[in-house]
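# Commentary on secondary and tertiary structure
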Amino acid sequence: MKYLLSFLLIALFTTASAQNNRKSKLFAAKAVELFEKAAILLRDGEPKKAIPLLQQSLQLDSNFLEANLTLAGAYGEIKDYQRAAAQYENAFKQDKTNTSFYYLPYSINLAGLGKYEAALQALEVFASTPNLSERSKKSLAYRKATYEFAINYAKTHPNQQYFFNPMNLGDSVNTARSEYLPCVTIEDSLIVFTRLVDGMREDFIESRISGNNQYTKWKTIPGSLNEEPKKGAITLSPDGEWMIFAADFSGRGLGSFDLYITYWTDEGWSEPVNLGDKINTEFWETTPSLSPDKRTLYFTSNRPGGVGGSDLYVSYMQPNGKWGAAENMGPILNSAGDEMAPFIHADNQTLYFTSSGHPGYGGADLFISRKQAGGTWSKPENLGYPINTIENDGSLAVAADGKTAYYSSNRSDSRGGLDLYTFELREDIRPYKTLYVKGNVFDAKTKQPVPASVELIDNSINQPLMKIQTDGSGAYFITLPIGKDYTFSVNRKGYLYYTEQYSLSGKAADSTYQKDIALQPVTLNSTFVFNNIQFATASYQLLPISLVELDRLLLVMQENPTLKIQISGHTDNVGKADDNLKLSENRAKSVADYLMSKGVAASRLSWKGFGATQPIAENTTESGRAKNRRTAFTITGL
């Protein structure tokens, strides 16, 4: 019996083994069939469709090494770095000796997860692969440089408890198509962007922004802007009055893509106008960004003579209202690679852009540069991981609050293609905190609007930081970056200048201020008190801050060559009357001496000291005495 039982067991086992072998061969053949179908889909650029087939293939044959490696690659294609890395690790467990070549894509997916130390170690395994081609050696060197950059960046920029959590702008903004190149107005009330509509057609889209990050349903920007299909990047002036964009309008351009401008009117956006040959060429101009004072235009061009492929260029508005010849922004900002998508913040001092040539994480990274004294730009700084990744990171727009950033990405919650997202910038890469002043300039007597020049001067260097022209109704909008002290100056021929100091070095950012300005027409016997003429204590030596306002008076004297003035000095009643009288006269003469040193004829100037004899406030309080300590001028001849 024992023998018979043993014989039966052996027979049953033999029969089952034969059946399992036939079943294994059948599964293996089906697994190969699914793998081959997936390979075709991958070749056609359909990794999402290929992944289920590869998963089914591995269910049939879990030891199918080629399917394991291919599935890892497919996950990498859709930027599912976590699954890709795990799948490579499964494959490496199957075969430890013949898979070293795949440690390169494995390292890339580790880098995609921000695991740069591990990625560098994986790269060392890849480097051990025998007979690497020159192409593979170049890839090895390139990735090694990017991983080492990431590791060093992390060491020099310690974790600041920064939480990167991009939020999709939702169905009111995003669609199954791609949305990109966002731009927001200075009051964060409107976002405009580009959408890839059909094939090569791009449309300009807008959405209104309300409180609590709510966005109205998107709509195509009305007017003739969207009639032509070949368009690209778009920028709004901070006040929403101008729109500059890149387009290839048939028969209307100097080359392929040119920059065009359109203005907001009571009837909507005006007919677009080519910005002309000072800016456009027969080559490619795109990604414009307009400064908050609307006097500087930054953009990208691939014209010959640059530093690299595509470079950053700048054009300045001339006194006649025309754009000046575009200038390459030089080798500090531009590299041997491609620089694109400049974005100047509302502070008018912080520039963001993308670059594939400056050291980074791979592809095109986002960088920041800040304007220095004299108008130069600081060395670009990489925005760092996780804002920058191993992928090509697109354009960035930063709201006026300096914290809220917008960019496009095809993250896992994308509605399709690229979507627009918002996130909070790290503190060290935020723009300067800024205040905003808007208002109207008008004639003090007639109350009628006066178009005028509005200038913001940095008191520390007595240099203009920005200059704008009011519109026809005298309206203006200007930014005041905090952390410095400024003089706000308004000029108009036929009127006395207006100046006011803004001491912001110790103040926090706040909301928009309304400041309406009444300009005094130049009339006989009118008197004007200097707001910012300052002297050393008990001295008649002018302090440097005084020159800002004196230069405004100098301009009035130059614009009105027959104008004559008397400069008067006044003090409070502290001290001896004779000393005050002498001090006030010397201070008035110091002002006259400065004007004469700048070319104003002595015959047009007179000066007199009144000491404490003409107070305009009580001398019983410090604030009253401060008002009495003044310097003024009176128009004595026209």
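Residues numbered from 1 in each chain as written. Predicted model: local features only at pLDDT ≥ 70, side-chain atom pairs only at ≥ 80, totals over all residues. Heavy atoms only, no water.

According to the stated counting rule, one finds 20 salt bridges in the structure shown. Between D203 and K231 there is a salt bridge, with the nearest N and O atoms lying 3.5 Å from each other. In this pair, D203 sits in strand β4 (residues 201-210) while K231 sits in strand β7 (residues 231-236), placing the two residues 28 residues apart along the sequence. Taking the shortest distance from any N to any O, the salt bridge between R303 and E285 comes out at 3.0 Å. (Salt bridge = Lys/Arg side-chain N within 4 Å of Asp/Glu carboxyl O. Helix = DSSP H or I, 4+ residues; strand = E, 2+ residues; numbered from the N terminus.)

What follows deals with the sheet that holds strand β17 (residues 350-355). Read across the sheet, 4 strands follow the order β16-β17-β18-β19 without closing on themselves; strand pairing throughout is antiparallel. The sheet is open, and its two edges are formed by β16 (339-344) and β19 (381-382), each paired on a single side. Where strand β18 (residues 365-370) meets β19, 2 bridges bridge the pair, whose relative direction is antiparallel. Bridge pairing in β19 links I368 to E381. (Pairing = 2+ DSSP bridges.)

Bringing the sheet that holds strand β24 (residues 453-458) into the picture now. If you trace the 4 strands from one edge of the open sheet to the other, you get β25-β24-β27-β28, paired in antiparallel fashion. Every interior strand has two partners, whereas the edge strands, β25 (463-469) and β28 (498-503), have only one. Taken over all neighbouring pairs, the strand axes of this sheet differ in orientation by 20 degrees on average, direction set aside. Bridging between β24 and strand β27 (residues 485-491) involves 6 bridges; their strand directions are antiparallel. Bridging across to β27, E455 finds its partner in S489. (Axes fitted to C-alpha atoms, helices over the stretch in contact; angles between N-to-C directions.)

We now examine unusual backbone geometry. For the bond from Y385 to P386, the omega torsion is 10 degrees, close enough to zero to count as cis. Relative to the elements of secondary structure, P386 occurs in the loop between β19 and β20 (396-398). The residue L181 is not glycine, and still its phi comes out positive at about 55 degrees. Following the sequence through the fold, L181 ends up in strand β2 (residues 178-184). Here N348, not a glycine, exhibits a phi torsion of approximately 65 degrees, which is positive. Take N348: it is sitting in the loop between β16 and β17.

The next point concerns the layout of surface pockets. One water molecule sets the probe size; rolling that probe over the atoms shows where empty space is left. Taken as a whole, the largest pocket spans an internal volume of roughly 1,600 Å³. The wall of the largest pocket is formed by 50 residues, among which K79, S408, S409, N410 and L418 lie closest to the centre. Looking at the lining of the largest pocket, the elements that each hand over two or more residues are α4 (81-94), β2, β7, β12 (285-290), β16 and β21 (404-409). The residue makeup of the lining of the largest pocket, split by class, is 20 nonpolar, 19 polar and 11 charged. (1 Å grid on protein atoms, 1.4 Å probe; cavity = no way out; pocket = protein on both sides within 12 Å on 5 of 7 lines; lining within 4 Å. Points joined across faces, edges and corners; volume = space filled by probe spheres on them. Nonpolar A, V, L, I, M, F, W, Y, C, P; charged D, E, K, R; others polar.)

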